[in-house]
Amino acid sequence: MITEEALPTYMTMLNTLDGVRDETGASDTPWANWTRAWTAEENRHGDVMNKYMYLTGACRCVGVRMGVGVRVGVAARRR
C-alpha cells in the first residue's frame, strides 16, 4: 500500500529517464504512454486499498502515511 501511495514520486522519476522524457505529460512516445497508463491503474489500486484499510480499520493509517513520507524522502534524495 505504501508503494501505491507514493506513485507521484515514481512517475516523476520515470519521466526523467531517457526514452520517456514526458516533461509535459502529453508526450506520444510509447514509454510515456505506458508510464501514464501504469500510474493511472496503480493509482486506482491505491485508492481502493486506502479506502478499504481506512473503513475496516485493518491498519493504522497514520503509520501508512509516515511510511509514504519515508519512501518519498528516500526517492527525493536519490535524484
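Now for a quick tour of the structure. (Residues numbered from 1 in each chain as written. Predicted model: local features only at pLDDT ≥ 70, side-chain atom pairs only at ≥ 80, totals over all residues. Heavy atoms only, no water.)

Secondary structure summary: the protein contains four helices and zero strands in total. Ordered by position in the sequence, the α and β elements of the protein form the string α-α-α-α. Within the protein, the proportion of its 79 residues that are buried is 27%. Residue pairs in contact within the protein that sit at least 24 positions apart in sequence constitute 57% of those at least 6 positions apart. Carbon together with sulfur atoms contributes 60% to the accessible area of the protein, which is approximately 5,600 Å² in total. (Helix = DSSP H or I, 4+ residues; strand = E, 2+ residues; numbered from the N terminus. Buried < 20%, exposed > 50% of the residue type's maximum accessible area, 1.4 Å probe, protein only. Contact = heavy atoms within 4.5 Å. Areas by Shrake-Rupley, 256 points an atom, 1.4 Å probe, with all protein chains shown as cover.)

Here the focus is the side chain of Thr 35. Tracing the backbone shows Thr 35 in helix α3 (residues 30-56). Judged by its relative accessible area of 1%, Thr 35 is buried. Engagement of the side chain of Thr 35 in a polar contact is seen with the backbone oxygen of Ala 32, the distance being 3.0 Å. Excluding residues within four positions of it along the chain, Thr 35 makes contact with Met 11, Leu 14, Asn 15 and Val 20. (Polar contact = N/O pair within 3.5 Å; in protein donor to acceptor, adjacent residues only side chain to side chain.)

Take the pattern of salt bridges next. Summed over the entire model, instances satisfying the criterion amount to one salt bridge. Arg 44 is the partner of Glu 41 in a salt bridge, and the nearest nitrogen-oxygen pair spans 2.7 Å. Here Glu 41 pairs with Arg 44, and both are found in helix α3, just three residues apart, close to one helical turn. (Salt bridge = Lys/Arg side-chain N within 4 Å of Asp/Glu carboxyl O.)

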